[in-house]
Amino acid sequence: MDHQGEFRRAALELGIPDDEISRFSQHLRLAIGLSGGSDGSPVGHIGGLPRLPVGMKWPSAGDIPLPLLLSVDCGALPRVDGFDLPTDGTLLFFVDREMDFGESRAAPGQYARVVYVPEGTETAVAEPPDSACVSERIDVCAELGTDLPLWLEEGDEDWHEFWEDLEWDDMSSFQQQLARYMERELPHLEELRALAHGLWSSGAYFVIGGYPDDEVIDSLAEQTLAGREKAGKIPAIPISKWYSHLEKEKHRLASEWISLASEAPVYEEYYTSFVIRHDDLAAVRVDKALAVTNFEAP
(Lines give C-alpha, C1' and ligand atoms only; values in the text may rest on other atoms or scores of the structure.)
Protein backbone atom coordinates (compact mmCIF):
# COMPACT_ATOMS: atom_id res chain seq x y z
CA MET A 1 0.00 0.00 0.00
CA ASP A 2 1.18 3.54 -0.78
CA HIS A 3 1.19 4.96 2.75
CA GLN A 4 3.03 8.13 1.74
CA GLY A 5 0.44 8.75 -0.97
CA GLU A 6 -2.39 8.17 1.50
CA PHE A 7 -0.86 10.67 3.91
CA ARG A 8 -0.25 13.25 1.18
CA ARG A 9 -3.82 13.08 -0.10
CA ALA A 10 -5.24 13.49 3.40
CA ALA A 11 -2.92 16.42 4.15
CA LEU A 12 -3.79 18.16 0.89
CA GLU A 13 -7.48 17.89 1.79
CA LEU A 14 -6.64 19.87 4.94
CA GLY A 15 -5.21 22.66 2.77
CA ILE A 16 -1.58 22.10 3.73
CA PRO A 17 0.91 23.06 0.97
CA ASP A 18 2.42 20.17 -0.96
CA ASP A 19 6.04 21.23 -0.34
CA GLU A 20 5.46 21.32 3.42
CA ILE A 21 3.90 17.85 3.29
CA SER A 22 7.01 16.62 1.50
CA ARG A 23 9.31 18.09 4.16
CA PHE A 24 7.30 16.51 6.98
CA SER A 25 7.11 13.16 5.18
CA GLN A 26 10.90 12.97 5.10
CA HIS A 27 10.80 12.55 8.89
CA LEU A 28 7.69 10.34 9.10
CA ARG A 29 8.23 6.62 9.62
CA LEU A 30 5.64 3.92 10.02
CA ALA A 31 6.27 1.14 12.52
CA ILE A 32 4.64 -2.25 13.01
CA GLY A 33 3.10 -2.73 16.44
CA LEU A 34 2.79 -6.27 17.79
CA SER A 35 0.13 -7.09 20.37
CA GLY A 36 -1.34 -10.22 21.92
CA GLY A 37 -5.02 -10.89 22.51
CA SER A 38 -6.12 -9.52 19.13
CA ASP A 39 -8.67 -11.07 16.78
CA GLY A 40 -6.31 -10.74 13.81
CA SER A 41 -4.10 -13.41 12.27
CA PRO A 42 -0.91 -14.09 14.28
CA VAL A 43 2.33 -12.89 12.67
CA GLY A 44 4.64 -14.31 15.31
CA HIS A 45 5.00 -14.89 19.00
CA ILE A 46 6.70 -13.55 22.11
CA GLY A 47 8.57 -16.18 24.11
CA GLY A 48 7.98 -19.88 23.58
CA LEU A 49 10.24 -22.10 21.49
CA PRO A 50 11.89 -21.12 18.19
CA ARG A 51 11.92 -23.04 14.94
CA LEU A 52 15.61 -23.26 14.06
CA PRO A 53 17.31 -24.71 10.97
CA VAL A 54 17.85 -28.44 11.43
CA GLY A 55 21.25 -28.95 13.03
CA MET A 56 21.58 -25.39 14.33
CA LYS A 57 22.45 -25.05 18.01
CA TRP A 58 20.39 -22.88 20.31
CA PRO A 59 21.90 -19.33 20.23
CA SER A 60 24.10 -18.64 23.23
CA ALA A 61 26.70 -16.28 24.64
CA GLY A 62 29.53 -18.62 25.50
CA ASP A 63 27.94 -21.33 27.61
CA ILE A 64 24.88 -19.21 28.47
CA PRO A 65 21.79 -20.08 26.36
CA LEU A 66 19.80 -16.99 25.37
CA PRO A 67 16.02 -16.92 25.84
CA LEU A 68 13.84 -16.35 22.79
CA LEU A 69 12.35 -12.88 23.06
CA LEU A 70 10.42 -12.70 19.79
CA SER A 71 9.79 -14.65 16.58
CA VAL A 72 8.13 -12.97 13.58
CA ASP A 73 7.06 -14.22 10.16
CA CYS A 74 8.35 -11.51 7.81
CA GLY A 75 5.98 -12.58 5.04
CA ALA A 76 2.96 -12.01 7.31
CA LEU A 77 3.97 -8.49 8.36
CA PRO A 78 2.50 -5.44 6.61
CA ARG A 79 4.89 -3.82 4.16
CA VAL A 80 6.12 -0.37 5.17
CA ASP A 81 7.60 2.36 2.96
CA GLY A 82 11.36 2.71 3.50
CA PHE A 83 11.63 -0.33 5.79
CA ASP A 84 13.50 -3.09 3.95
CA LEU A 85 12.51 -6.10 6.00
CA PRO A 86 12.93 -9.43 4.22
CA THR A 87 9.77 -10.27 2.31
CA ASP A 88 9.67 -13.82 3.68
CA GLY A 89 11.40 -16.04 6.22
CA THR A 90 11.53 -15.65 9.98
CA LEU A 91 13.36 -13.24 12.27
CA LEU A 92 14.25 -14.54 15.72
CA PHE A 93 15.41 -12.30 18.57
CA PHE A 94 17.26 -13.82 21.53
CA VAL A 95 18.46 -11.97 24.62
CA ASP A 96 19.29 -12.52 28.26
CA ARG A 97 18.05 -9.12 29.42
CA GLU A 98 19.58 -9.13 32.89
CA MET A 99 23.02 -10.23 31.68
CA ASP A 100 22.91 -7.84 28.74
CA PHE A 101 21.99 -4.93 31.01
CA GLY A 102 24.95 -5.73 33.24
CA GLU A 103 27.29 -5.43 30.25
CA SER A 104 25.42 -2.60 28.52
CA ARG A 105 28.20 -0.02 28.85
CA ALA A 106 31.23 -2.25 28.35
CA ALA A 107 29.86 -4.50 25.58
CA PRO A 108 26.26 -3.78 24.54
CA GLY A 109 24.54 -6.69 22.86
CA GLN A 110 26.97 -9.30 24.16
CA TYR A 111 24.04 -11.37 25.44
CA ALA A 112 21.75 -10.86 22.43
CA ARG A 113 21.48 -12.43 18.98
CA VAL A 114 19.30 -11.92 15.89
CA VAL A 115 18.81 -14.91 13.59
CA TYR A 116 17.22 -14.87 10.13
CA VAL A 117 15.82 -18.15 8.79
CA PRO A 118 15.11 -17.89 5.03
CA GLU A 119 11.88 -19.26 3.58
CA GLY A 120 12.25 -22.87 2.50
CA THR A 121 14.84 -23.74 5.14
CA GLU A 122 14.23 -27.09 6.80
CA THR A 123 13.47 -26.28 10.42
CA ALA A 124 12.38 -27.98 13.62
CA VAL A 125 11.13 -26.78 16.98
CA ALA A 126 14.31 -26.44 19.01
CA GLU A 127 14.82 -28.32 22.25
CA PRO A 128 15.76 -25.83 24.99
CA PRO A 129 19.13 -26.48 26.64
CA ASP A 130 17.69 -25.10 29.88
CA SER A 131 14.07 -24.61 30.93
CA ALA A 132 15.05 -21.24 32.40
CA CYS A 133 15.51 -19.85 28.88
CA VAL A 134 11.90 -20.55 27.87
CA SER A 135 9.10 -18.14 28.75
CA GLU A 136 5.37 -18.37 28.13
CA ARG A 137 4.41 -18.17 24.46
CA ILE A 138 2.09 -15.31 23.46
CA ASP A 139 0.92 -15.09 19.84
CA VAL A 140 0.93 -11.54 18.44
CA CYS A 141 -0.89 -9.69 15.65
CA ALA A 142 0.29 -6.62 13.75
CA GLU A 143 -0.98 -3.08 13.23
CA LEU A 144 0.66 0.04 11.83
CA GLY A 145 1.68 2.99 13.98
CA THR A 146 3.25 6.41 13.41
CA ASP A 147 6.77 7.24 14.54
CA LEU A 148 8.51 10.63 14.45
CA PRO A 149 11.94 11.76 15.65
CA LEU A 150 11.98 12.96 19.24
CA TRP A 151 12.39 16.61 18.32
CA LEU A 152 9.18 16.51 16.24
CA GLU A 153 7.13 14.39 18.62
CA GLU A 154 4.79 16.37 20.84
CA GLY A 155 4.31 13.54 23.32
CA ASP A 156 7.79 13.69 24.86
CA GLU A 157 7.22 16.15 27.71
CA ASP A 158 10.78 16.12 29.05
CA TRP A 159 12.19 17.09 25.65
CA HIS A 160 9.73 19.87 24.98
CA GLU A 161 9.78 21.26 28.51
CA PHE A 162 13.55 21.45 28.19
CA TRP A 163 13.25 23.42 24.97
CA GLU A 164 10.49 25.68 26.27
CA ASP A 165 12.57 26.61 29.31
CA LEU A 166 15.50 27.67 27.15
CA GLU A 167 16.02 31.26 26.11
CA TRP A 168 17.16 31.65 22.51
CA ASP A 169 20.65 32.73 23.53
CA ASP A 170 20.95 29.68 25.80
CA MET A 171 20.31 27.27 22.95
CA SER A 172 23.17 25.60 21.16
CA SER A 173 23.61 26.50 17.50
CA PHE A 174 22.15 23.13 16.52
CA GLN A 175 19.08 23.63 18.74
CA GLN A 176 18.55 27.04 17.13
CA GLN A 177 18.85 25.42 13.71
CA LEU A 178 16.12 22.88 14.52
CA ALA A 179 13.88 25.55 16.05
CA ARG A 180 14.18 27.72 12.91
CA TYR A 181 13.48 24.70 10.70
CA MET A 182 10.27 23.83 12.57
CA GLU A 183 9.07 27.43 12.61
CA ARG A 184 9.87 28.31 9.00
CA GLU A 185 9.53 25.03 7.12
CA LEU A 186 6.76 23.28 9.11
CA PRO A 187 4.20 25.94 10.09
CA HIS A 188 1.45 23.26 10.04
CA LEU A 189 3.44 20.84 12.20
CA GLU A 190 0.64 20.35 14.73
CA GLU A 191 -1.91 19.45 12.05
CA LEU A 192 0.51 17.14 10.22
CA ARG A 193 1.47 15.36 13.41
CA ALA A 194 -2.17 14.88 14.44
CA LEU A 195 -3.04 13.58 10.97
CA ALA A 196 -0.24 10.98 11.00
CA HIS A 197 -1.21 9.71 14.45
CA GLY A 198 -4.86 9.66 13.40
CA LEU A 199 -4.15 7.51 10.35
CA TRP A 200 -1.83 5.06 12.10
CA SER A 201 -2.11 4.79 15.86
CA SER A 202 -0.63 1.89 17.78
CA GLY A 203 0.04 1.45 21.47
CA ALA A 204 1.69 -1.95 21.09
CA TYR A 205 4.13 -3.41 23.60
CA PHE A 206 6.51 -4.58 20.83
CA VAL A 207 7.37 -2.40 17.84
CA ILE A 208 9.20 -3.33 14.66
CA GLY A 209 10.59 -0.41 12.65
CA GLY A 210 10.46 3.30 13.34
CA TYR A 211 13.11 5.39 15.05
CA PRO A 212 15.61 3.91 17.49
CA ASP A 213 15.00 4.63 21.17
CA ASP A 214 16.64 7.81 22.43
CA GLU A 215 18.78 5.83 24.91
CA VAL A 216 20.17 3.74 22.04
CA ILE A 217 20.93 6.75 19.86
CA ASP A 218 22.57 8.45 22.87
CA SER A 219 24.86 5.46 23.32
CA LEU A 220 25.69 5.26 19.60
CA ALA A 221 26.42 8.98 19.37
CA GLU A 222 28.66 9.00 22.45
CA GLN A 223 30.64 6.02 21.16
CA THR A 224 30.93 7.49 17.66
CA LEU A 225 32.16 10.90 18.82
CA ALA A 226 34.58 9.40 21.36
CA GLY A 227 35.92 7.01 18.70
CA ARG A 228 36.50 9.82 16.20
CA GLU A 229 38.28 11.88 18.82
CA LYS A 230 40.51 8.98 19.84
CA ALA A 231 41.35 8.18 16.20
CA GLY A 232 42.20 11.84 15.53
CA LYS A 233 39.51 12.15 12.86
CA ILE A 234 38.07 15.22 14.58
CA PRO A 235 39.65 17.79 16.92
CA ALA A 236 39.15 17.29 20.64
CA ILE A 237 35.71 18.60 21.62
CA PRO A 238 35.66 21.04 24.55
CA ILE A 239 33.41 19.95 27.40
CA SER A 240 31.29 23.10 26.93
CA LYS A 241 30.61 22.08 23.30
CA TRP A 242 30.12 18.36 23.89
CA TYR A 243 26.33 18.43 24.27
CA SER A 244 25.83 20.41 21.07
CA HIS A 245 28.05 18.01 19.11
CA LEU A 246 26.22 15.07 20.67
CA GLU A 247 22.81 16.41 19.61
CA LYS A 248 24.01 16.89 16.04
CA GLU A 249 25.47 13.39 15.92
CA LYS A 250 22.25 11.90 17.33
CA HIS A 251 20.29 13.69 14.61
CA ARG A 252 22.55 12.21 11.91
CA LEU A 253 22.51 8.68 13.33
CA ALA A 254 18.71 8.67 13.69
CA SER A 255 18.46 8.85 9.89
CA GLU A 256 21.16 6.19 9.37
CA TRP A 257 19.77 3.62 11.82
CA ILE A 258 16.32 2.10 12.20
CA SER A 259 14.68 0.18 15.00
CA LEU A 260 14.54 -3.51 14.15
CA ALA A 261 12.54 -4.50 17.23
CA SER A 262 11.97 -2.80 20.56
CA GLU A 263 10.09 -3.45 23.78
CA ALA A 264 8.15 -0.73 25.54
CA PRO A 265 9.54 0.13 29.00
CA VAL A 266 7.69 -1.52 31.87
CA TYR A 267 8.01 -0.33 35.46
CA GLU A 268 10.91 -2.08 37.21
CA GLU A 269 11.54 -4.38 34.25
CA TYR A 270 14.40 -4.87 31.77
CA TYR A 271 13.63 -4.02 28.15
CA THR A 272 15.72 -4.46 25.00
CA SER A 273 15.94 -2.55 21.73
CA PHE A 274 17.50 -3.95 18.57
CA VAL A 275 18.66 -1.42 15.97
CA ILE A 276 20.32 -1.79 12.59
CA ARG A 277 21.63 0.39 9.78
CA HIS A 278 19.34 0.69 6.76
CA ASP A 279 21.93 -0.79 4.38
CA ASP A 280 22.62 -3.78 6.65
CA LEU A 281 18.90 -4.54 6.89
CA ALA A 282 18.46 -4.27 3.11
CA ALA A 283 21.28 -6.82 2.71
CA VAL A 284 19.79 -9.02 5.50
CA ARG A 285 22.98 -8.66 7.55
CA VAL A 286 21.02 -9.08 10.77
CA ASP A 287 24.19 -10.15 12.61
CA LYS A 288 25.12 -6.45 12.38
CA ALA A 289 22.14 -5.47 14.55
CA LEU A 290 22.99 -3.81 17.85
CA ALA A 291 21.06 -4.65 21.01
CA VAL A 292 20.84 -2.36 24.03
CA THR A 293 19.09 -3.38 27.25
CA ASN A 294 17.88 -0.86 29.82
CA PHE A 295 15.97 -0.98 33.10
CA GLU A 296 12.86 1.09 33.80
CA ALA A 297 13.66 2.44 37.24
CA PRO A 298 11.09 4.11 39.55
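This text goes with the structure placed above it.
Residues numbered from 1 in each chain as written. Predicted model: local features only at pLDDT ≥ 70, side-chain atom pairs only at ≥ 80, totals over all residues. Heavy atoms only, no water.

Engineer: An account of the packing of helix α1 (residues 3-13) against helix α2 (residues 18-25) is requested, with residue identities and associated values reported.
Structural biologist: Where α1 contacts α2, the two axes come as close as 10 Å, and the packing angle between them is 140 degrees. In this view, α1 runs oblique relative to α2, as classed from their interaxial angle. As for the relative orientation of α1 and α2, their crossing is right-handed in sense. Touching Q4, F7, R8, A11 and L12 of α1 are D18, I21, S22, F24 and S25, all from α2. Of the residues that constitute the contact of α1 with α2, the class distribution is five nonpolar, three polar and two charged. (Axes fitted to C-alpha atoms, helices over the stretch in contact; angles between N-to-C directions. Helix = DSSP H or I, 4+ residues; strand = E, 2+ residues; numbered from the N terminus. Parallel < 35°, antiparallel > 145°, perpendicular 65-115°, else oblique. Left-handed = near helix turned anticlockwise from the far one by under 90°. Contact = heavy atoms within 4.5 Å. Nonpolar A, V, L, I, M, F, W, Y, C, P; charged D, E, K, R; others polar.)

Engineer: Hey, could you go over the side chain of S262 for me, with residue numbers and the actual values?
Structural biologist: Note that S262 resides in strand β12 (residues 257-263). You can call S262 buried: its relative accessible area is 9%. In this structure, S262 is in contact with Y205, F206, V207, D213, T272 and S273, ignoring residues within four places of it in sequence. (Buried < 20%, exposed > 50% of the residue type's maximum accessible area, 1.4 Å probe, protein only.)

Engineer: Requested: an account of the pattern of salt bridges, with residues and values cited.
Structural biologist: This model, assessed by the stated rule, comprises twelve salt bridges. Among the ionic pairs, R285 bridges to D280, the shortest N-O distance being 2.7 Å. With relative accessibility at 9%, the residue D280 sits in the buried group. Counted as one network, the salt bridges with shared partners bring together R228, E249, R252, E256 and R277. (Salt bridge = Lys/Arg side-chain N within 4 Å of Asp/Glu carboxyl O.)

Engineer: Could you give an account of the sheet that holds strand β2 (residues 44-46), naming the residues involved and the relevant values?
Structural biologist: Ordered by their spatial adjacency, ten strands build an open sheet running β8-β7-β6-β2-β10-β1-β11-β12-β13-β14, and the pairing between neighbours is antiparallel. Each end of this open sheet is capped by a strand with a single partner; those strands are β8 (112-117) and β14 (290-295). Ignoring which end each strand starts from, the neighbouring axes of this sheet average 25 degrees apart. Two elements, strand β1 (residues 29-35) and strand β10 (residues 138-147), share seven bridges in a ladder whose sense is antiparallel. Bridged to G33 within β10 is E143. Across the sheet, helix α8 (residues 239-256) touches β1, β12 and β13 (270-277), and the angle it forms with β12 is around 80 degrees. (Pairing = 2+ DSSP bridges.)

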